[in-house]
Amino acid sequence: MGWRAFWSEIVIVVLGVVIALAANEAVQEWTWRNKVKDAEVRLQGDIAWAFLWAAEKYASQPCVDAQLAALARKVLESAETMEPVPVQTSNGPQKVVRFPNRPYRFPTWDALIADGTANHFSPTRQAFLGRLSNSMAGSYGVEIQTRGLLGKLLLLRDPISLDPVVRAELLTRIGEVRSITSFEALNAQQRMRLIADNDSAPAEEIVEEFLNASGERKAGAEFSGMAAYCKAGGYPVADWRDYRKITVNTGLVPGMEVR
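Residues numbered from 1 in each chain as written. Predicted model: local features only at pLDDT ≥ 70, side-chain atom pairs only at ≥ 80, totals over all residues. Heavy atoms only, no water.

**Q** How would you sum up the overall build of the protein chain? Please name residues and give values.
**A** Along its length, the protein chain carries 6 helices and 0 strands. Each helix and strand of the protein chain, placed in order from N terminus to C terminus, yields the pattern α-α-α-α-α-α. Of the roughly 14600 Å² of accessible surface on the protein chain, a fraction of 58% belongs to carbon and sulfur atoms. (Helix = DSSP H or I, 4+ residues; strand = E, 2+ residues; numbered from the N terminus. Areas by Shrake-Rupley, 256 points an atom, 1.4 Å probe, with all protein chains shown as cover.)

**Q** Report on the side chain of Arg125, specifying residues and quantitative values.
**A** Inspection of the secondary structure puts Arg125 in helix 3 (residues 123–152). Residue Arg125 is classed as buried on the basis of its relative accessible area, which comes to 15%. In this view, Arg125 contacts Glu40, Gln44, Ile47, Asn198 and Ser200; residues no more than four positions away in its chain are not counted. (Buried < 20%, exposed > 50% of the residue type's maximum accessible area, 1.4 Å probe, protein only. Contact = heavy atoms within 4.5 Å.)

**Q** Explain the packing of aromatic side chains to me, and be specific about the residues and the numbers.
**A** One pass over the full model with this rule turns up 8 aromatic pairs. Their ring planes at 85° and their centres at 5.4 Å tell us that Trp109 and Phe121 sit as a pair that is edge-to-face. Note that Trp109 is positioned in helix 2 (residues 107–115) and Phe121 in the loop between helix 2 and helix 3, a separation of 12 residues in sequence. Residues Trp109 and Phe121 agree in their burial class; the two are buried. Here the aromatic residues Trp49, Trp53, Tyr104 and Phe210 are joined through ring pairs into a cluster of three or more. Over the aromatic face of Phe223 sits the side chain of Arg217, whose NZ or CZ is 5.3 Å from the ring centroid. (Phe/Tyr/Trp six-rings, centres within 6.5 Å; stacked < 30°, edge-to-face > 60°. Lys NZ or Arg CZ within 6 Å of the ring centre and 35° of its normal.)

**Q** Got a sec to walk through the side chain of Thr181? Specific residues and values, please.
**A** Looking at the element boundaries, Thr181 is found in helix 4 (residues 164–197). Residue classification places Thr181 among the buried residues on the basis of a relative accessible area of 10%. Aside from chain neighbours lying at most four places away, what touches Thr181 is Gln61, Val64 and Leu68.

**Q** Explain the packing of helix 3 against helix 4 residue by residue, including any values.
**A** With their axes 10 Å apart at the nearest point, helix 3 and helix 4 run at an angle of 160° to one another. It follows that helix 3 is roughly antiparallel to helix 4 by the angle criterion. As for how helix 3 packs across helix 4, the hand of that crossing is left-handed. Along the contact surface, helix 3 presents Phe128, Arg131, Leu132, Ser135, Met136, Ser139, Val142, Gln145, Thr146, Leu149, Leu150 and Lys152, while helix 4 presents Arg173, Glu176, Val177, Ile180, Glu184, Arg191, Leu194 and Ile195. In the contact of helix 3 with helix 4, the residues fall into 10 nonpolar, 4 polar and 6 charged. (Axes fitted to C-alpha atoms, helices over the stretch in contact; angles between N-to-C directions. Parallel < 35°, antiparallel > 145°, perpendicular 65-115°, else oblique. Left-handed = near helix turned anticlockwise from the far one by under 90°. Nonpolar A, V, L, I, M, F, W, Y, C, P; charged D, E, K, R; others polar.)

**Q** For the pattern of salt bridges, give the residues involved together with the corresponding values.
**A** Within the structure shown, the criterion is met by 15 salt bridges. Linking Asp65 and Arg178 is a salt bridge whose minimum nitrogen-to-oxygen distance equals 2.9 Å. Of the two residues, Asp65 sits in helix 1 (residues 2–77) while Arg178 sits in helix 4, which places them 113 residues apart along the sequence. With a closest N to O distance of 3.0 Å, Asp197 and Arg193 form a salt bridge. Placement of both Asp197 and Arg193 in helix 4 is noted, with a separation of 4 residues, approximately one turn of the helix. The exposure class of Asp197 is partly exposed, given its relative accessible area of 24%. Through salt bridges with shared partners, a single network forms among Glu204, Glu208, Asp239, Arg241 and Arg244. (Salt bridge = Lys/Arg side-chain N within 4 Å of Asp/Glu carboxyl O.)

**Q** Report on unusual backbone geometry, specifying residues and quantitative values.
**A** Even without being glycine, Asp199 reaches a positive phi, approximately 55°. Summarising the element assignment, Asp199 is placed in the loop between helix 4 and helix 5 (204–211). A relative accessible area of 76% places Asp199 in the exposed class. At Asn212, a residue that is not glycine, the phi angle is positive and equals roughly 55°. Judged by its relative accessible area of 2%, Asn212 is buried.

**Q** Any details on the state of the cysteines? Residues and values, ideally.
**A** Applying the stated criterion across every chain, the model contains 1 disulfide. Two residues, Cys63 and Cys230, share a disulfide whose sulfurs are 2.1 Å apart. Here Cys63 and Cys230 share a disulfide; its torsion about the S-S bond, -95°, makes the bridge left-handed. One end of the pair, Cys63, is in helix 1; the other, Cys230, is in helix 6 (residues 226–233), and 167 residues separate them in sequence. Both residues of the pair, Cys63 and Cys230, count as buried. (Disulfide = S-S within 2.5 Å.)

**Q** Pulling in residues and values, what's your account of the confidence of the model for the protein chain?
**A** The predicted model of the protein chain has a mean per-residue pLDDT of 88, with 86% of residues at 70 or higher. Between the elements of the protein chain, mean pLDDT differs from a low of 82, seen in helix 1, to a high of 97, seen in helix 5. (pLDDT = per-residue confidence, 0-100.)

Here you go:
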């Protein structure tokens with residue numbers, strides 16, 4: 001064949017391999033781009049719920065704190081026997097304090113990490129979604145802790161004897177819940193700011209509809225019952241829009257630029 005024909009064959013083979021690799025890479029890039037686009041659509045639901053639950057948590061914190069303060073006063077003012085506290089049975093298990101009860105899940109992002117799609121988001125978007133996922137996981141842990149503490153406060157529904165030790169224990173439990181809910185309200189406010197600063201917050205009318213201050217809609221998974229309950233009981237509520245007053249949340253480590 002000669003050297004010229006030989007090198008021509010080599011060049012053709014090399015070019016064929018390069019073209020095939022480039023085509024394969026282009027197909028993979030197109031596939032991942034479509035997966036990211038589809039994932040963004042699915043993520044919007046999780047992000048919206050994260051914002052709505054945070055708005056509910058922040059707005060209802062003064063109401064929850066007022067209920068806990070009233071319990072503490074009752075413990076302090078009761079004589080040797082506890083005057084039983086009325087038990088609430090609506091919208092879930094028995095409780096002596098009405099508080100938001102949400103799952104704080106962020107499942108879509110977890111699934112995207114598992115299948116590798118998360119790595120194909122922009123660094124800025126990854127930083128935002130990672131922080132939001134961690135924030136939700138932290139709130140889930142606190143929610144479990146809060147439920148446990150409030151479950152122990154069901155003791156107040158019974159006419160128990162109040163010696164100094166029991167009284168101090170009850171006040172300690174109440175104080176712990178008050179502290180936890182106060183910190184969680186701050187976390188909720190920061191979470192709303194994080195979402196809004198990344199242009200992912202739901203419209204204001206959607207938030208208002210979910211908070212359901214008028215109580216026109218049945219409380220549950222789709223709509224909150226906290227604002228209506230607090231209003232009926234004369235308890236204070238906060239304005240969920242307060243998140244706009246705190247510092248802009250860039251999601252970046254100081255001094256680090258993410259492109």
